[in-house]
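The residues making up each chain are set out below.
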Amino acid sequence: MFESFFPRPKLFFTSLLIWASIVVLFWFTLGTDVGEFLGFEFAEEGAPPVIGMGFFVTPNFLWFYLYFIMATIPFWLFWQTLSPNKWHRWSILGSALILFSTYYGVQVSVAINHWRRPFGDTLQNALMGEGNVTMGDFYGLMGTFAEIAFIAVAIFTFTRFFVSHYVFRWRTAMNEYYTAQWERVRHVEGASQRIQEDTQRFASIVEGLGVSIVDSIMTLFAFLPILFELSVHVTELPIVGEIPAPLMTAVIFWSLFGTFLLAVVGIKLPGLYFKNQRVEAAFRKELVLGEDDANRAEPITLEELFLNVRRNYFKLYFHYLYFNVTRSLYLQADNLFAYFILVPTIVAAKITYGILQQILTAFGQVASSFQFLVNSWPTIVELLSIHKRLASFEAAMADMPLPKIDQDYLDAQGKIQE
């Protein structure tokens, strides 16, 4: 699954983790000093943020662009020299480009969050008849938002286009890897489906989840400091009263609670989803064989196979019933949680409308990042089931026994045929 696209996966991902840790540590400790040495003039700490398109061409951003390139190219050259492969430009440089575009997308959200405060305060002053607000003020702020939105659209469009090609290259690599050993895996149940369909879905889901994880981490790095700064406006929370960094504490508690809750409630879903794919594949295969062989696809056999399909689907429906109830209740409560903890602050009139909008946006971004498992659990379940199926290929290629779930399934199929 990974060996076909990435060089020496275990060593590669270990080295990537080490290199990324070194690069990040250097950035947060000596990055500013090196940037200043190279001539970049950074804004002083506490200076108001740049609003609009200029946010993306500040010295801080320009230095980051250069630093990212300087960190990526040596890593790629090292692996290209150590383990040459035609897919390395896509697996290494392509992954780096996706990471960079993900970072840029997070910064677009930060830029919009900075914009919300002046726009919200201008709106509040206009509604209250204060501040001599003119139509030009509103049109100017709307034009600034349009600049940011234009960048967001460009980044999103480019990223989706590139990711589509990236996923297909990964599928191509797996396809070449598996078909080269077809004789060793052709006996595995549903082998044709696994090569034709599962490779595409695996590459697509892994890429999607990988980007989501990185996006969540980058969002936390970007918005946690903002949320910490905004905590100065909130001195008291309902029930618990005054606590340090109240907004950060509240969002971490609420997100971890939801993640743990959904993980416990949905623990049975991966196995059921995998079994569902197996019984569907068996039923489909018998029908296909019956097209060419009059002795196959007998009514009794089809009835037994479809009974397995029915039984597993009904189990899946039942377990998804209470999972979806729990998940929906949590997400509905999530819509009001930020307002709930801000009630004492709002009633005391300690914040303006613009600050409220900043808090709600930053709180939502951080909560969404911490709630990665909550939002991605159905996709993770699907990925686990696909991984289980492709693991059978890996076992067959290495002349190892099939996973237990495959052996149990083949034994059951043998009883049906008898």
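Values in this document were obtained by computation on a predicted structure and should not be read as measured data.

**Here we look at the overall build of the protein**
- Across its full length, the protein carries 13 helices and zero strands.
- Along the protein, helices and strands appear, N-terminal first, in the series α-α-α-α-α-α-α-α-α-α-α-α-α.
- Each of the 418 residues in the protein was classed as buried or not, and the buried ones make up 42%.
- When contacts within the protein are restricted to residue pairs at least 6 apart in sequence, long-range pairs at least 24 apart make up 79% of them.
- Of the accessible surface of the protein, which amounts to about 22900 Å², a share of 66% is contributed by carbon and sulfur atoms.

**Quick notes on helix α8 (residues 246-265)**
- With 20 residues, α8 extends 29 Å between its outermost C-alpha atoms, agreeing within 8% with the 28 Å of an ideal straight helix rising 1.5 Å per residue.
- Within α8 the residues assigned to the buried category are P246, L247, M248, A250, V251, W254, S255, G258, T259, L262 and V265.

**Details of the environment of F283**
- As for its placement among the helices and strands, F283 is situated in helix α9 (residues 269-292).
- Along the chain, F283 and T301 lie 18 residues apart, while their C-alpha atoms are 9.2 Å from each other.
- The contact partners of F283, leaving out residues within four places of it in the chain, are L302, L305, F306 and V309.

**A few points about helix α1 (residues 9-29)**
- Between the first and last C-alpha of α1 there are 30 Å, a value that for 21 residues agrees with the 30 Å anticipated at 1.5 Å per step.
- Buried residues of α1: P9, F12, S15 and V23, and no others. Summarising the axial view, the buried residues of α1 lie within an arc of 130°, below the 170-degree limit, and thus occupy one face. Set apart from the buried face of α1 by more than 90 degrees, the exposed residues are K10, L17, L25 and F28.
- As for α1, its buried residues are in contact with α3 (59-82) and α4 (88-128).

**Structural notes on the UniProt feature "transmembrane region" (unreviewed entry) in the protein**
- When the UniProt feature table is mapped onto this chain numbering, "transmembrane region" (unreviewed entry) sits at residues 12-30, 50-78, 90-112, 138-163, 202-227, 247-267 and 336-356.
- As a span, residues 12-30 carries 95% helix and 0% strand, and end to end its C-alpha atoms are 26 Å apart.

**Observations concerning the packing of α4 against helix α5 (residues 135-179)**
- At a minimum axis separation of 9 Å, α4 and α5 run at an interaxial angle of 160°. With respect to α5, the element α4 is oriented roughly antiparallel. At the point where α4 passes α5, the crossing takes the left-handed sense.
- Of the residues assigned to the contact of α4 with α5, the class counts are 23 nonpolar, nine polar and two charged.

**Brief notes about a nonpolar patch on the surface**
- A cluster of nonpolar residues, V24, F28, I213, I217 and F221, forms a patch on the protein surface that exposes about 500 Å² of accessible area.
- Elements with a contribution of two residues or more to the nonpolar patch: α1 and α7 (191-230).
- For the nonpolar patch, the element with the most residues is α7, which contributes three residues.
- On the basis of relative accessibility, which here comes to 39%, the residue I213 falls in the partly exposed class.

**Quick word on the environment of A146**
- Mapped onto the elements, A146 comes out in helix α5.
- A relative accessible area of 41% places A146 in the partly exposed class.
- Between the alpha carbons of A146 and M53 there is a distance of 9.3 Å; along the sequence they are 93 residues apart.

**Points about the side chain of S15**
- Topologically, S15 is positioned in helix α1.
- Of note is the side chain of S15, whose polar atom sits 3.2 Å from the side chain of W79.
- Other than its neighbours up to four places away in sequence, S15 contacts F75 and W79.

**As for the packing of aromatic side chains**
- Per the counting criterion, the structure on display carries 41 aromatic pairs.
- With centroids separated by 5.6 Å and ring planes inclined at 35°, the aromatic side chains of F40 and W63 adopt a geometry described as tilted. Of the two residues, F40 is situated in the loop between α2 (31-37) and α3 and W63 in helix α3; the sequence distance between them amounts to 23 residues.
- Considering the side-chain rings of F119 and F138, the 5.9 Å spacing of their centres and the 85° angle between planes classify their relative orientation as edge-to-face. Here F119 is found in helix α4, whereas its partner F138 is found in helix α5, with 19 residues between them in sequence.

**Remarks on a positive patch on the surface**
- Together, K275, R310, R311 and K315 make up a region of like positive charge exposed at the surface.
- Looking at the positive patch element by element, the count peaks at three residues for helix α10 (residues 299-347).
- Relative to the assigned elements, R310 resides in helix α10.
- You can call R310 partly exposed: its relative accessible area is 43%.

**A few points about the nonpolar core**
- Judged by nonpolar contacts, the single largest core of 44 residues is most densely connected at F56, L227, L247, I341, L342, I359 and F363.
- For this core, the secondary-structure elements that each account for two or more residues are α3, α4, α5, α7, α8, α10 and α11 (353-370).
- If sequence neighbours within four positions are ignored, F363 has contacts with L227, L247, A250, V251, F337, A338 and I341.
- The next biggest cluster of nonpolar side chains, apart from the first, holds 26 residues, and it includes F6, W76, I205 and I380.

**Regarding the confidence of the model for the protein**
- Taken as a whole, the protein shows an average pLDDT of 78; of its residues, 82% reach a score of 70 or greater.
- The least confident element of the protein is helix α13 (residues 404-417), whose mean pLDDT is 49; the most confident is α3, at 89.

Conventions and cut-offs
- Residues numbered from 1 in each chain as written.
- Predicted model: local features only at pLDDT ≥ 70, side-chain atom pairs only at ≥ 80, totals over all residues.
- Heavy atoms only, no water.
- Helix = DSSP H or I, 4+ residues; strand = E, 2+ residues; numbered from the N terminus.
- Buried < 20%, exposed > 50% of the residue type's maximum accessible area, 1.4 Å probe, protein only.
- Contact = heavy atoms within 4.5 Å.
- Areas by Shrake-Rupley, 256 points an atom, 1.4 Å probe, with all protein chains shown as cover.
- Expected span 1.5 Å × (residues − 1).
- Arc of directions from axis to C-beta.
- UniProt positions renumbered as here; feature names shortened; annotations may be inferred.
- Axes fitted to C-alpha atoms, helices over the stretch in contact; angles between N-to-C directions.
- Parallel < 35°, antiparallel > 145°, perpendicular 65-115°, else oblique.
- Left-handed = near helix turned anticlockwise from the far one by under 90°.
- Nonpolar A, V, L, I, M, F, W, Y, C, P; charged D, E, K, R; others polar.
- Patch = residues over 30% accessible without salt bridge, like charges linked within 9 Å, V, L, I, M, F, W, Y side chains within 5 Å.
- Salt bridge = Lys/Arg side-chain N within 4 Å of Asp/Glu carboxyl O.
- Polar contact = N/O pair within 3.5 Å; in protein donor to acceptor, adjacent residues only side chain to side chain.
- Phe/Tyr/Trp six-rings, centres within 6.5 Å; stacked < 30°, edge-to-face > 60°.
- Lys, Arg positive; Asp, Glu negative; His and termini not counted.
- Charge placed at Lys NZ, Arg CZ, Asp CG, Glu CD.
- Core = buried A, V, L, I, M, F, W, Y, C linked by side-chain atoms within 4.5 Å.
- pLDDT = per-residue confidence, 0-100.

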